[in-house]
Amino acid sequence: DWAEELYTDVANQYAYKKSVGEEALDKAEDAYKQLSPVLRQNTSYRLRVSGTLLGLVVYSGRNDYPTTIGFCEKEIAFFKAKSYQANLPLQLLYQQLVVCYTQLRQYDRAGQAAEEGLNYLVVGSFNWFKHQEQRFLLYMHTEQYQAAYELWEQTTGERSFRRAPEQLTEMWLVFQAY
């Protein structure tokens, strides 16, 4: 699948460098431009997911939060209109909305996106832990310390927490200090 290859190429650059540099962003943007006309004509799930992931890299990688929000909302509407449950892209899109709204200090909207995003997550999954991180940070930004503590307890008390990848559990150890 061509779209998947375009995204995988960009994702691999990120995985090796742990950040998205200008060169990788330019490459992602070129790939997304190539893919855009195809996305308008084709509604294949795999194609659209790959295009969505590329779009997220392009817009969020440049910290263009307003454009990223618009992109996420458009993609959410697309996936919600489908006859099937598109949990994976919806998880990622809602998580990105939480990040964007938090960065823009639009905390009410961030909270709404965080709550809506929970509907598409499986408790104890990798994406659930990542979503919980964003919720914790949102609570800290809004000085909801009791809610942050309760979320910390819920997350670290989840039975799959002990088996979670180190990159996830380390973040919660940092959060424990707060």
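Data block above holds the structure.
Residues numbered from 1 in each chain as written. Predicted model: local features only at pLDDT ≥ 70, side-chain atom pairs only at ≥ 80, totals over all residues. Heavy atoms only, no water.

**Student:** Would you mind going over the packing of aromatic side chains in detail, with residue names and values included?
**Tutor:** Under the defined criterion, the tally for this structure stands at 13 aromatic pairs. Measuring from ring centre to ring centre gives 6.1 Å for Tyr32 and Tyr59, while their planes differ by 80°; the resulting arrangement is edge-to-face. Remark: Tyr59 occurs in helix 3 (residues 45-61) and Tyr32 occurs in helix 2 (residues 22-41); sequence separation between them is 27 residues. A ring pair is formed by Phe136 and Phe175, whose centres lie 4.1 Å apart and whose planes are at 15°; its orientation type is stacked. Taken together, the positions of Phe136 in helix 7 (residues 126-141) and Phe175 in helix 9 (residues 166-176) put the pair 39 residues apart, joining distant regions of the chain. (Phe/Tyr/Trp six-rings, centres within 6.5 Å; stacked < 30°, edge-to-face > 60°. Helix = DSSP H or I, 4+ residues; strand = E, 2+ residues; numbered from the N terminus.)

**Student:** How would you explain helix 9 if you had to name every residue and give the values?
**Tutor:** Regarding helix 9, the residues found buried are Leu168, Thr169, Trp172 and Phe175. End-on view of helix 9: buried residues confined to an arc of 110°, all on one side of the axis. For helix 9, the exposed residues set more than 90 degrees away from the buried face come down to Glu166, Gln167 and Leu173. On its buried side, helix 9 packs onto helix 7 and helix 8 (145-157). (Buried < 20%, exposed > 50% of the residue type's maximum accessible area, 1.4 Å probe, protein only. Arc of directions from axis to C-beta. Contact = heavy atoms within 4.5 Å.)

**Student:** Before we move on, could you go through the packing of helix 5 (residues 87-103) against helix 6 (residues 107-118) and cite the residues and values that matter?
**Tutor:** Direction vectors running N to C along helix 5 and helix 6 enclose 165°, while the axes themselves pass 8 Å from each other. Considering the angle they form, helix 5 stands roughly antiparallel to helix 6. In the packing of helix 5 onto helix 6, the handedness of the crossing is left-handed. Packed against helix 5, whose contacting residues are Tyr94, Leu97, Val98, Tyr101 and Thr102, the element helix 6 presents Tyr107, Arg109, Ala110, Ala113, Ala114, Glu116 and Gly117 at the interface. Split into classes, the residues belonging to the contact of helix 5 with helix 6 amount to 8 nonpolar, 2 polar and 2 charged. (Axes fitted to C-alpha atoms, helices over the stretch in contact; angles between N-to-C directions. Parallel < 35°, antiparallel > 145°, perpendicular 65-115°, else oblique. Left-handed = near helix turned anticlockwise from the far one by under 90°. Nonpolar A, V, L, I, M, F, W, Y, C, P; charged D, E, K, R; others polar.)

**Student:** Can you lay out a nonpolar patch on the surface for me, pointing to particular residues and giving the numbers?
**Tutor:** A cluster of nonpolar side chains, contributed by Tyr45, Tyr84 and Leu88, occupies part of the molecular surface with about 250 Å² of accessible area. Its location among the elements puts Tyr84 in the loop between helix 4 (65-80) and helix 5. (Patch = residues over 30% accessible without salt bridge, like charges linked within 9 Å, V, L, I, M, F, W, Y side chains within 5 Å. Areas by Shrake-Rupley, 256 points an atom, 1.4 Å probe, with all protein chains shown as cover. Salt bridge = Lys/Arg side-chain N within 4 Å of Asp/Glu carboxyl O.)

**Student:** Lay out the pattern of salt bridges with the relevant residues and their values.
**Tutor:** Counting across every chain of the model gives 7 salt bridges. Asp26 is the salt-bridge partner of Arg62, the closest N and O atoms lying 2.8 Å from each other. Of this pair, Arg62 sits in the loop between helix 3 and helix 4 while Asp26 sits in helix 2, and the two are 36 residues apart along the sequence. Taking relative accessible area as the criterion, Arg62 reaches 30% and is therefore assigned partly exposed. Judged by relative accessible area, Asp26 falls into the partly exposed class, the value being 38%. In this structure, Lys130 and Glu133 form a salt bridge, with 3.3 Å as the shortest nitrogen-oxygen distance.

**Student:** Outline helix 3, supporting the account with residue identities and numerical values.
**Tutor:** For helix 3, which comprises 17 residues, the first-to-last C-alpha distance of 23 Å matches the rise-based estimate of 24 Å (1.5 Å per residue) to within 8%. For helix 3, the buried fraction is high: 13 of the 17 residues fall into the buried class. Positioned one or two residues after helix 3, Asn63 has a phi angle of 55°, which is positive. (Expected span 1.5 Å × (residues − 1).)

**Student:** Hey, could you go over the side chain of Glu75 for me, with residue numbers and the actual values?
**Tutor:** Here Glu75 is to be found in helix 4. Since its relative accessible area comes to 2%, Glu75 is described here as buried. Aside from chain neighbours lying at most four places away, what touches Glu75 is Arg48, Thr52 and Leu93.

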